[in-house]
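# Summary of structural features
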Amino acid sequence: MRDMSLHILDIAENSVRAQATKVDILIDEGEISSFMIKDNGKGMDEETLKNALNPFYTTKTERKKKIGLGLPLLKQNVELCDGKFRIESVPGKGTSVKWTVNTSHIDSLPVGNIEETVWILMTMYENCDFSFTHRAGKKEISIESRELKEALGTDELNDPKVSMIVKDYIKEQENIINNQEAL
Amino acid sequence: MKLEDLKKIREKMEKSTNLREGKGRIKAVVGMGTCGIAAGARDVLSALMDEISKRNLSDIVVTQSGCRGLCDVEPIIDVYEEGKQMVTYGNLTPEKTRRIVAEHFVNGSTVTELVISSK
Ligand SMILES: Nc1ncnc2c1ncn2[C@@H]1O[C@H](COP(=O)(O)OP(=O)(O)O)[C@@H](O)[C@H]1O
Ligand SMILES: [Mg+2]
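It should be emphasised that the depicted structure is a prediction, and the values quoted were computed from it without experimental measurement.

Rules used throughout
Residues numbered from 1 in each chain as written. Chains lettered and ligands numbered in written order. Predicted model: local features only at pLDDT ≥ 70, side-chain atom pairs only at ≥ 80, totals over all residues. Heavy atoms only, no water. Core = buried A, V, L, I, M, F, W, Y, C linked by side-chain atoms within 4.5 Å. Buried < 20%, exposed > 50% of the residue type's maximum accessible area, 1.4 Å probe, protein only. Contact = heavy atoms within 4.5 Å. Buried area = accessible area lost by both parts, 1.4 Å probe. Salt bridge = Lys/Arg side-chain N within 4 Å of Asp/Glu carboxyl O. Helix = DSSP H or I, 4+ residues; strand = E, 2+ residues; numbered from the N terminus. Axes fitted to C-alpha atoms, helices over the stretch in contact; angles between N-to-C directions. Parallel < 35°, antiparallel > 145°, perpendicular 65-115°, else oblique. Left-handed = near helix turned anticlockwise from the far one by under 90°. Nonpolar A, V, L, I, M, F, W, Y, C, P; charged D, E, K, R; others polar.

### Points about the nonpolar core
Core analysis: the largest hydrophobic core is formed by 80 residues, its most contacted members being W99, F130, F132 and L152 of chain A together with M32, L48 and F105 of chain B. Beyond its immediate sequence surroundings of up to four residues, F132 of chain A is in contact with I25, I27, I114, V118, M122, I141, S142, I143 and E174 of chain A.

Right under this line is the structure:
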């Protein structure tokens, strides 16, 4: 993956496939940036968890090629830049994936287009709610898809028109974070 | 989230027209597994939503699916249309995706050279 925003989309996709109804995403940017994706999905037992970091393991059976790459790819990218990667899971309770990156390391991946990832998660995964918190220095933004659904009066955020309203809002919020240095 | 933000969002919603009606004439499903995402599926999905909303198409439902095992032809979109075969478009880019909206969804003709399978 080219950047963290794509990894986040991929890791959050695992949560949705694990029947999560709520996924919390946190980004805290600094010299050491930290990331967290926490879900209330079905979780993993010890055996599955151990195997989940093995690039040729997947419990998904609908495909021809039996490979699961998402978690091993992320772990590798994190370790390449002296970051720490950690995954915890409790069967029946949920899973959390946390990692840090040393942003001054030459191999550290940029955050990338996070607004696009958050927008797609919040509007295209109907049965799951997402919360997104993004901190950078003294700035912090927080977006809850449940609150958006209530304000919009619909759960169907994948309606193209509705989805675009959400996209504009997420962009506006992300601008608060990105204009940090200009202020 | 701030109350005033939510209010603004509600007002925008009240002003929006051409919201989707019913189940939709066409259902388009974008593959969002690891291989899809790595190959550019997020930009494809984004272009698809953008083009549909710009053209005011209110009878198309867009969703996503997990890995379909078609890793070497990602990004892909499956198109379901009542009374027709399911068509899978592959090796997509945002530009090709916009073409599918114009030629297939609006004009009703399958973009044959982008099809990788149909059943
Ligand atoms: N959040 C999660 N909750 C429950 N199980 C998970 C979660 N994330 C990953 N897994 C398990 O780990 C496996 C490997 O995940 P991953 O590396 O992303 O590959 P893939 O999603 O392609 O199978 C999954 O098939 C699933 O069994
Ligand atoms: Mg995965």
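Moving on from the coordinates now.
### Quick look at the interface of chain A and chain B
Across the boundary between the two partners, chain A contributes 45 residues, which contact 38 residues of chain B. Where chain A abuts chain B, roughly 3,600 Å² becomes buried across the two surfaces, and 60% of that area is made up of carbon and sulfur atoms. It is M124, P160 and K161 of chain A that lose the most area in chain A upon contact with chain B, and together they represent 17% of the buried surface on that side. Inspection of the chain A/chain B interface yields one salt bridge. For the salt bridge of D168 of chain A with K12 of chain B, the shortest nitrogen-to-oxygen distance reads 4.0 Å.

### So, the pattern of salt bridges
All names here are of chain A. This structure, assessed with the given rule, holds 21 salt bridges over all chains. E13 is the salt-bridge partner of R17, the closest N and O atoms lying 2.6 Å from each other. Of this pair, R17 and E13 both sit in helix 1 (residues 4-17), four residues apart, roughly one helical turn. E13 sits in the buried class, given a relative accessible area of 3%. One salt bridge in this structure joins R135 and D28, with 3.2 Å as the shortest N-O distance.

### Focus on the packing of helix 1 of chain A against helix 4 (residues 114-124) of chain A
All names here are of chain A. Axis separation between helix 1 and helix 4 bottoms out at 8 Å; the angle between their running directions is 20 degrees. Comparing their axes, helix 4 and helix 1 come out roughly parallel. The handedness of the crossing between helix 1 and helix 4 is right-handed. Residue-level inspection shows S5, L6, I8, L9 and A12 of helix 1 in contact with helix 4, the latter providing I114, T117, I120 and L121. Class assignment of the residues belonging to the contact of helix 1 with helix 4 gives a composition of seven nonpolar, two polar and no charged.

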